[in-house]
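What follows is each chain in one-letter form.
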Amino acid sequence: ILNVEQSPQSLHVQEGDSTNFTCSFPSSNFYALHWYRWETAKSPEALFVMTLNGDEKKKGRISATLNTKEGYSYLYIKGSQPEDSATYLCAPNTGGFKTIFGAGTRLFVKA
Amino acid sequence: GAVVSQHPSRVICKSGTSVKIECRSLDFQATTMFWYRQFPKQSLMLMATSNEGSKATYEQGVEKDKFLINHASLTLSTLTVTSAHPEDSSFYICSARANSGHRGYTFGSGTRLTVV
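Just so you know, these numbers come straight off a predicted model, no measurement behind them.

**Structural notes on the interface of chain A and chain B**
Link 1 in the chain: Contacts between chain A and chain B engage 17 residues on the former and 17 residues on the latter.
Link 2 in the chain: Taken together, the links from chain A to chain B amount to three residue pairs in polar contact (both at pLDDT 80 or more).
Link 3 in the chain: Taken together, the elements giving at least two residues each to the side of chain A that touches chain B come down to strand S4 (32-38) and strand S9 (86-93) of chain A.
Link 4 in the chain: Tallying contributions element by element places S4 of chain A first for the side of chain A that touches chain B, with three residues.
Link 5 in the chain: Grouping the amino acids of the side of chain A that touches chain B by side-chain chemistry returns nine nonpolar, six polar and two charged.

**Here's the deal with the pattern of salt bridges**
Residues and elements named next belong to chain A.
Link 1 in the chain: Tallied over the full model, the rule gives seven salt bridges over all chains.
Link 2 in the chain: Arg 37 is the salt-bridge partner of Glu 39, the closest N and O atoms lying 2.9 Å from each other.
Link 3 in the chain: When its relative accessible area of 10% is taken as the criterion, Arg 37 is described as buried.
Link 4 in the chain: The shortest N-O distance in the salt bridge between Lys 59 and Glu 45 comes to 3.7 Å. Remark: Glu 45 occurs in strand S5 (residues 45-50) and Lys 59 occurs in strand S6 (residues 56-59); sequence separation between them is 14 residues.
Link 5 in the chain: Glu 45 gets classed as partly exposed once you look at its relative accessible area, which sits at 34%.
Link 6 in the chain: Salt bridges here are not isolated pairs; linked through shared partners, they connect Arg 37, Glu 39, Lys 42, Glu 45 and Lys 59.

**Some thoughts on the confidence of the model for chain B**
Regions with low pLDDT should not have their predicted coordinates read in detail.
Link 1 in the chain: Mean pLDDT over chain B stands at 89; residues scoring 70 or higher make up 93%.
Link 2 in the chain: Of all secondary-structure elements in chain B, the lowest mean pLDDT belongs to strand S9 (residues 90-98) of chain B, at 87, while strand S2 (residues 10-13) of chain B reaches the highest, 96.

**Some details on the pairing of strand S11 (residues 111-115) of chain B**
Residues and elements named next belong to chain B.
Link 1 in the chain: Alternating positions in S11 separate cleanly, Thr 111, Leu 113 and Val 115 being buried on one face and Arg 112 and Thr 114 remaining unburied on the opposite face.
Link 2 in the chain: Direction of pairing for S2 relative to S11: parallel, over a ladder of four bridges. Bridge assignment links Val 11 to a residue of S11, and that residue is Leu 113.

**Comments concerning the packing of aromatic side chains**
Link 1 in the chain: On inspection of all chains with the given rule, the structure shows 11 aromatic pairs over all chains.
Link 2 in the chain: Aromatic side chains Trp 38 of chain A and Phe 91 of chain B sit 5.7 Å apart centroid to centroid with 45° between the ring planes, which places their arrangement in the tilted category. Taken together, the residues span two chains, with Trp 38 of chain A in strand S4 and Phe 91 of chain B in strand S9. An identical accessibility class is assigned to Trp 38 of chain A and Phe 91 of chain B; each is buried.
Link 3 in the chain: With a centroid separation of 5.0 Å and 40° between ring planes, the pair formed by Tyr 72 of chain A and Tyr 74 of chain A is classed as tilted.
Link 4 in the chain: Judged by its relative accessible area of 28%, Tyr 74 of chain A falls in the partly exposed class.
Link 5 in the chain: Put simply, the rings of Tyr 36 and Phe 101 of chain A together with Tyr 36 and Phe 107 of chain B touch in pairs and so form one group of aromatic residues.

**Description of the pairing of strand S5 (residues 44-51) of chain B**
A regular strand places its side chains so that they alternate between the two faces of the sheet.
Residue and element names in this part refer to chain B.
Link 1 in the chain: Along S5, six of the eight residues are buried, which leaves the element largely enclosed by surrounding structure.
Link 2 in the chain: The hairpin formed by strand S4 (residues 30-38) and S5 contains five residues between the paired strands, and Lys 41 there has a positive phi angle of roughly 60°.
Link 3 in the chain: Direction of pairing for S5 relative to strand S6 (residues 57-58): antiparallel, over a ladder of two bridges. Counterpart to Ala 48 in the pairing with S6 is Tyr 58.

**Focus: the environment of Arg 10 of chain B**
Link 1 in the chain: Mapped onto the elements, Arg 10 of chain B comes out in strand S2.
Link 2 in the chain: Once the C-alpha coordinates of Arg 10 of chain B and Leu 44 of chain B are considered, the two residues, 34 residues apart in sequence, prove to be 18 Å apart.

**Quick word on the environment of Phe 25 of chain A**
Residue and element names in this part refer to chain A.
Link 1 in the chain: Considering the arrangement of structural elements, one finds Phe 25 in the loop between strand S3 (19-24) and S4.
Link 2 in the chain: The exposure class assigned to Phe 25 is buried, which follows from its relative accessible area of 6%.
Link 3 in the chain: Sequence separation between Phe 25 and Tyr 74 is 49 residues, and the spatial gap between their C-alpha atoms is 12 Å.
Link 4 in the chain: Each residue touching Phe 25, except ones within four places of it in the same chain, is listed here: Asn 3, Phe 30, Leu 33, Leu 66, Asn 67, Gly 71, Tyr 72, Ser 73 and Pro 92.

Parameters and conventions
- Residues numbered from 1 in each chain as written.
- Chains lettered and ligands numbered in written order.
- Predicted model: local features only at pLDDT ≥ 70, side-chain atom pairs only at ≥ 80, totals over all residues.
- Heavy atoms only, no water.
- Contact = heavy atoms within 4.5 Å.
- Polar contact = N/O pair within 3.5 Å; in protein donor to acceptor, adjacent residues only side chain to side chain.
- Helix = DSSP H or I, 4+ residues; strand = E, 2+ residues; numbered from the N terminus.
- Nonpolar A, V, L, I, M, F, W, Y, C, P; charged D, E, K, R; others polar.
- Salt bridge = Lys/Arg side-chain N within 4 Å of Asp/Glu carboxyl O.
- Buried < 20%, exposed > 50% of the residue type's maximum accessible area, 1.4 Å probe, protein only.
- pLDDT = per-residue confidence, 0-100.
- Pairing = 2+ DSSP bridges.
- Phe/Tyr/Trp six-rings, centres within 6.5 Å; stacked < 30°, edge-to-face > 60°.

Shown next, in the form of structure tokens:
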């Protein structure tokens, strides 16, 4: 069973703050890692798919890094805005098509 | 982009009845569909994986006779919760992988099931 841990569980920040979350996963048999943004009452939205050690991806104010050798990924949000409030899920898979989700980091951005 | 339509978004049913949840891929062919369940304050737990035209593969601990999955076409997969009980109350969500080889997954909007 793939054990995925995300920290922190929740995070409260002020508008304009920059923040980051961690996703830890077993490094063996790594295939790909997905980050999703999930707002209440909506479908999870794919942010990044990362496959290579050292990968860095960026989408606007959100970026992510990947370390497959030590089994972690960081998600960064620069200058948080209230609309960034959501649950951020990471989901690694070890090949095949099965994706296992972390419990998520719930971000609250206060205006 | 790829869209998965999931219905119903919310359903309340009586204990002992069955509920069917549908997921349709609207603009792509979903060769594989994943069904997840989320308990309060927990992660999405994979229940089963279905491939078009074949039997679903269930995760350990998931009763296949309780949660019937049908993936009869490349655009439709259904999950039927049979003889539902209050402990089946949960959030169910599907995710599809297109057959184009893209590594991303597209989610439905989820179904909140309440069994009374």
